[in-house]
Every structure is written in structure tokens, then in C-alpha cells.
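Structure assessment
Here is what each chain is made of, one letter per residue.
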Amino acid sequence: MTCLINPSILSADFSRLGQELEAISTADAAHIDVMDGHFVPNLTWGLPVVKRLKEVSPLPFDVHLMIEDPDRWAPAYAEVGCESVTFHAEAATAPIKLARSLREGGAKAGMALRPATAVEPYLDMLTELDILLVMTVEPGFGGQAFLDVTLPKIRRAAQAIEGSGADLILQVDGGITSETIVRAAEAGATCFVAGSSVYGADDDLEAAIAGLRQAAASVHRH
Ligand code: DX5
Ligand code: ZN
């Protein structure tokens, strides 16, 4: 099974983001959490910062927009070259139109669901997406505990993706450690965002990434 490990720079040292991106060169992508202080009660960075980081880092950027009105703001992240742009279903007014405009902008289109948002209303639009993100914590902060209550939804989403024939990445984000990654992978997740378990690793970030990769790859799904 191909598994992708995307460290989240939300847990990095914000005074040296360029170096913190260099330290995860073995990752599949850098996960960039954009928060607006409205959709979630926390504020990070916006387009100018992401654009500048993109210029100095060779890693693909996996942008997670925890913002209101993504219909208005998300396409610009595709236009500055971010490889994938994920908006929240709860915040989008016209998710199909938005996903199409992200693809037209050259990015993978991602849609995220908060832990209590059901996947079923969105099953017919899976073919419009490249990434489905099932949040495994309430979005807004790093360092929270993985919510096992989301596992059945991951399982149902994985089955629906398989049934649809669409080539979708099933991403999970929040509380991913070398233990919880096994449960998420068993449920069918294929892409794992990890903030504190990578940037919280004392010195060797690449070893932390390798450990997560190994733990996810040890899972054989049937
Ligand atoms: C939370 C963010 C996550 C966060 C995960 O709202 O979307 O990407 O960085 O952090 P950990 O891995 O520490 O739960
Ligand atoms: Zn995130």
C-alpha cells in the first residue's frame, strides 16, 4: 500500500520556517495549515507567507484551509503553485464549483470534514476531488488526542472511494502517532498528516517520518 506522510509545520518553530521545511525533506509533502481565526479559534498565516515559503522549499505543498469563505480565497493558493489545496466542506458554499476551479488552477482539489460531519452527503461528488480529508481531531490546534470515534467514517469513506473507482487520497489529520497511524491505516487512510509527532521529535525529524511510514506500511488491508 502506498502511504504518504505529510508533516504539519503548525508544530514547527515559526521563527525559522525555511529550515524547518528543509528538515523534512524525506516527507511526501509539507502540510500547511491556514487558519483565519473565524472558522477555527486560531490564526496562522495567509497567502503571502505560503507563497514565499513555496519559493524556498522544493517540497510539494499540501495546504489545509481552515477558513471561512474558501470559495473566495482558496483558488489563489493553487495559482501560487501549491500542489494540493483542501477546503472545509462546512465552510464552502459551492464545493463542486470550488473543486473544479482548484483543478483548473493546476492543484489537486481536497475537501475536509470535521469529526462530526458525515461523509455520506458528499459521496456523489467524490469524482470531483483528489483528496478527502477526514479530520481526526477538531481543527484548530496541534497536539490533540486522536479521536477513535472517526474510525468508522474513515472505513466508510475508504469503501466508497474503492466503489467509486476514483483515484482519491484518503487523508487523516490530527493526533497521528506511530500508534494511532496503525488504526487509521487499518481503517483505510492512505495519507497521514503529523504535526507534533514529527516536529516534537527531539532532533531527528527524518527518523520520526521513517517511523510513521514504517508503522503505516506494516498494515495489510484486505
Ligand atoms: C489541526 C491541524 C493539523 C495539526 C495536527 O487543526 O489541521 O494539521 O497540525 O497536529 P498534530 O499532529 O499535533 O495533531
Ligand atoms: Zn491540517
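In this report, the structure presented in the accompanying data block is examined. Predicted, not measured: the structure shown is a model, and the values here were computed from it.

Turning our eyes to something else, we now look at the nonpolar core. Within the largest apolar cluster, 68 residues are counted, with the highest numbers of intra-cluster contacts made by Ile-24, Leu-132 and Phe-192. In terms of residue count, helix α6 (residues 151-164) provides more of this core than any other element does, 6 residues in total. Look past the residues within four positions of Phe-192 in its chain and what remains in contact with it is Cys-3, Leu-4, Ile-5, Asn-6, Val-172, Ile-176, Ile-181, Ala-184, Ala-185 and Ala-216.

On to the site of ligand 1, then. In the vicinity of ligand 1 lie 19 residues, with Ser-8, Gly-140, Asp-173, Gly-195 and Ser-196 positioned nearest. Within the side chain of Asp-33, an N or O atom sits 2.8 Å from an oxygen atom of ligand 1. The contact in question runs from an oxygen atom of ligand 1 to an N or O atom on the backbone of Gly-195, over 2.7 Å. Where the shell around ligand 1 is concerned, the elements lending two or more residues are β2 (30-35), β3 (61-66) and β8 (191-194).

The next point concerns the side chain of His-64. Mapped onto the secondary structure, His-64 falls in strand β3. Classification of His-64 by relative accessible area gives buried; the value is 1%. The residues touching His-64, leaving out its near neighbours within four places in the chain, are His-31, Ile-32, Asp-33, Val-34, Thr-86, His-88, Ala-112, Leu-133, Met-135 and Asp-173.

Looking now at the coordination of the zinc ion (ligand 2). The reference angle at a metal is 109.5 degrees if four donors form a tetrahedron and 90 or 180 degrees if six donors form an octahedron. With distances of 2.1 to 2.3 Å, the protein atoms coordinating the zinc ion (ligand 2) are His-31 (NE2), Asp-33 (OD), His-64 (ND1) and Asp-173 (OD). For the zinc ion (ligand 2), the 6 donor atoms in the first shell make angles of 71 to 174° at the metal, so the coordination geometry reads as octahedral.

The rules behind each value
- Residues numbered from 1 in each chain as written.
- Chains lettered and ligands numbered in written order.
- Predicted model: local features only at pLDDT ≥ 70, side-chain atom pairs only at ≥ 80, totals over all residues.
- Heavy atoms only, no water.
- Core = buried A, V, L, I, M, F, W, Y, C linked by side-chain atoms within 4.5 Å.
- Buried < 20%, exposed > 50% of the residue type's maximum accessible area, 1.4 Å probe, protein only.
- Helix = DSSP H or I, 4+ residues; strand = E, 2+ residues; numbered from the N terminus.
- Contact = heavy atoms within 4.5 Å.
- Near = heavy atom within 4 Å.
- Polar contact = N/O pair within 3.5 Å; in protein donor to acceptor, adjacent residues only side chain to side chain.
- Donors = N, O, S within 2.8 Å, 3.2 Å for Na, K, Ca; no water.
- Tetrahedral: all angles 85-135°; square planar, octahedral: opposite > 155°, others 65-115°.

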